[in-house]
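What the coordinates show
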Amino acid sequence: MVAVPDLASGLSWFVVVPDTDAGRALVEPLRHRVPELRTLTHASGRPWLLGRWTDDEVAVAEFGDRRLVALGEHRLSAGDLERRAAGTRDAAQMCAALQGLPGSFHTLATTPAGTAVQGSLSGYRRVYFVAAGERSAAGDRADVLAGLTGARVDEEALALRMLAPYAPWPIFWQPVWRGVQAVPPDRRLLLDRATAPRTVTRWRAPEPVLDLATAADRLRRALADAVAVRTGGHEVIASDLSGMDSTSLCALAARGGSRVVGLTCVSPDPLDDDLPWARRAAAELGSVTHEVVAGEANPLPYEGILRAEDRFDEPTAAVLYRASFLAVSRRALAHGARARLTGFGGDELLSADPVLQLTLLRTHPWQALRQLRLLGAAYRWRRRDTLRAVLDRRPYGRWMASLGRDLDAAQVSRPRPLLDWGAPVATAPWLTPEARAALGEALRERAAEAAPLADDRGLHGRLTGVYAGAANARHLAQSTRRVGVRAALPYLDDQVVEACLAVHPAHVTAPRDYKPLIRAAMQGVLPPALLARDTKADTSIAAARGADRHRDDLLALADDSRLAGHGLVDAAALRAAVRSPDDRTWYDLDQTLACETWLRTVEAVPVPAPAIR
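The structure reproduced in this document is the subject of the present report. (Residues numbered from 1 in each chain as written. Predicted model: local features only at pLDDT ≥ 70, side-chain atom pairs only at ≥ 80, totals over all residues. Heavy atoms only, no water.)

Moving on to the packing of aromatic side chains. The tally for this structure, following the rule as stated, stands at 11 aromatic pairs. Ring centres of tryptophan 169 and tryptophan 173 lie 5.8 Å apart, and the angle between their planes is 40°; on these two criteria the pair is classed as tilted. A relative accessible area of 6% places tryptophan 169 in the buried class. Between tyrosine 379 and tryptophan 381, the ring centres sit 5.4 Å apart and the planes meet at 15°, which makes this aromatic pair stacked. Residue tyrosine 379 is classed as partly exposed on the basis of its relative accessible area of 40%. We classify tryptophan 381 as buried; its relative accessible area is 7%. Aromatic rings pair up to connect Tyr166, Trp169, Phe172, Trp173 and Tyr467 into one cluster. The side chain of arginine 126 reaches across the aromatic face of tryptophan 173, ending 3.5 Å from its centre. (Phe/Tyr/Trp six-rings, centres within 6.5 Å; stacked < 30°, edge-to-face > 60°. Buried < 20%, exposed > 50% of the residue type's maximum accessible area, 1.4 Å probe, protein only. Lys NZ or Arg CZ within 6 Å of the ring centre and 35° of its normal.)

Take a look at the structure:
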């Protein structure tokens, strides 16, 4: 059986194969398994692009023996594609012709010489591929490709996903299916008839040299275009209305012709000031219908943790917060909105990651040193540790290898400066000794070939955060389509990502200046009173209350743990931790639950058989 997403979920997905008989045979099972399967062909008549999508998601241009497709959120027509591809010679150039346009979409092109596929720079639109002899294919879901080739779960890759807060790059990016590989966001995949799939660089991050005013103007235009892509053609559009990031999107949407519904969830945290700021925003904007989701009506984290309603292609912490996200999407639908703007990605792009001080140190040393002192005081870093971190020149591979040696040390309580290539990773105390030892060895082995996303630690850290955040956002967006609402994430569009990365760190790294880039960008869009906000909600109280309310469900997972059956978790230790949690329990638990719940959904589906033996 070929594993495909639940046909009732409303999900779009696709598979691409080269122009070969082997490619045609590989996807033949889809014709029998998937009702209403959509298919585009190569010029030869062999299948090229197969899957499920809606008419408003796809633009197709066919000219001679070439095809070019945009699939996702965009405002492109066939004529737009033809004009932009005019003069291109190969599939890679055809894809490049659409790069950087407003929206969020996959680009696919084919010529008699081969096929090219690319996703989005944030990693929100993923690209995967498989290669087994003459059988090659690409797609946007790892599980669909695994089903076509009969791939099974890679237990080592699954175990590495249990590291907290998440495994280092590129481990968290790679699929947990044997033989399925993921294309990095800065690369393009090439498939042809004669060679194995390969990737080529298609993008490099812009030099961070823009002054604040120039970068803010660029961000404002990029966000306005991104919002316009989502609001066009909709009588009603919903937008989250909480922090600065989502409030900015709501204000931009209110400038269009759609009726805008602002959605605000009331947090159980008495210090959370999202609601009063949201009410103020709705009043100031004037044209926004404000919908408040009361605390008792908003599901807490961990609700529904035992119900496998969504089948994702990898473990995801999104399952912990899915119920709340779906509840808000249902509120949007009740107002007639079919699309919901969210601020996902804003924190990763607009907040000042401490490691950016090392980037600033090269051009503005005194400013960076002053800010490092402020950060050290705020986070209680010891000066000796901070100095050691600043002077640390270890290459990425050596740093990753050290994670494997220091897994237990990472759980010590003394705060460590957040100035390395990434956050220290730790193993939860309920992992078995054998699993912990295997994880340490796996980290050391993979470190030998690991390379950073950039030579600069600050840029590497920013990109890592964006990619990790986009992965969870992708899963929540997939989940909400089941209720008939599309989640739109403008901050993860290519143009927006580039605008945020281009600003000089001197303008965004001050610890006491909250998100200066978006505040500057929204001058003239948000009323001045709203630009003064410098707070952000904390979700830790909601997580703790959710864990307390749904403790029986968490204990049930421990009592019948699939991870324990694989020798990765000590079920008794997990039960004890859930019954008597300490300060780290819920922090450590997220990735364990992500893997546990995902493994259950995989085991609920029969193991697929290879399409070709």
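Attention shifts here to the nonpolar core. Ranked by size, the top nonpolar core spans 136 residues in total, and within it Val15 and Leu219 carry the most contacts. Top contributing element to this core by residue count: helix α16 (residues 457-480), with 8 residues. If near-sequence neighbours (up to four positions away) are discounted, valine 15 is found in contact with Val27, Leu30, Trp48, Leu49, Leu50, Ala137, Ala138, Gly139, Val144, Leu145 and Leu148. Within the second largest apolar cluster, 18 residues are counted, among which are Leu76, Cys95, Phe105 and Ala109. (Core = buried A, V, L, I, M, F, W, Y, C linked by side-chain atoms within 4.5 Å. Helix = DSSP H or I, 4+ residues; strand = E, 2+ residues; numbered from the N terminus. Contact = heavy atoms within 4.5 Å.)

For the structure shown, the criterion picks out 40 salt bridges. As a salt-bridge pair, arginine 220 and aspartate 217 come within 2.9 Å of each other at their nearest N and O atoms. Taken together, the residues span about one helical turn, with arginine 220 and aspartate 217 both in helix α6 (residues 212-231) at a distance of 3 residues. Looking at arginine 220, the relative accessible area reads 22%, which means it is partly exposed. (Salt bridge = Lys/Arg side-chain N within 4 Å of Asp/Glu carboxyl O.)

Below, the discussion takes up unusual backbone geometry. Residue alanine 164 is joined to proline 165 through a cis peptide bond whose omega torsion reads 5°. Inspection of the secondary structure assignment puts proline 165 in the loop between α5 (155-160) and β10 (180-182). Residue proline 170 is reached from tryptophan 169 by a cis peptide bond, and omega for that bond is 0°. Among the structural elements, proline 170 can be located in the loop between α5 and β10. Here glutamate 36, not a glycine, exhibits a phi torsion of approximately 55°, which is positive. Position of glutamate 36 relative to the elements: it lies in the loop between α1 (21-33) and β2 (38-41). Residue classification places glutamate 36 among the exposed positions, given a relative accessible area of 69%.

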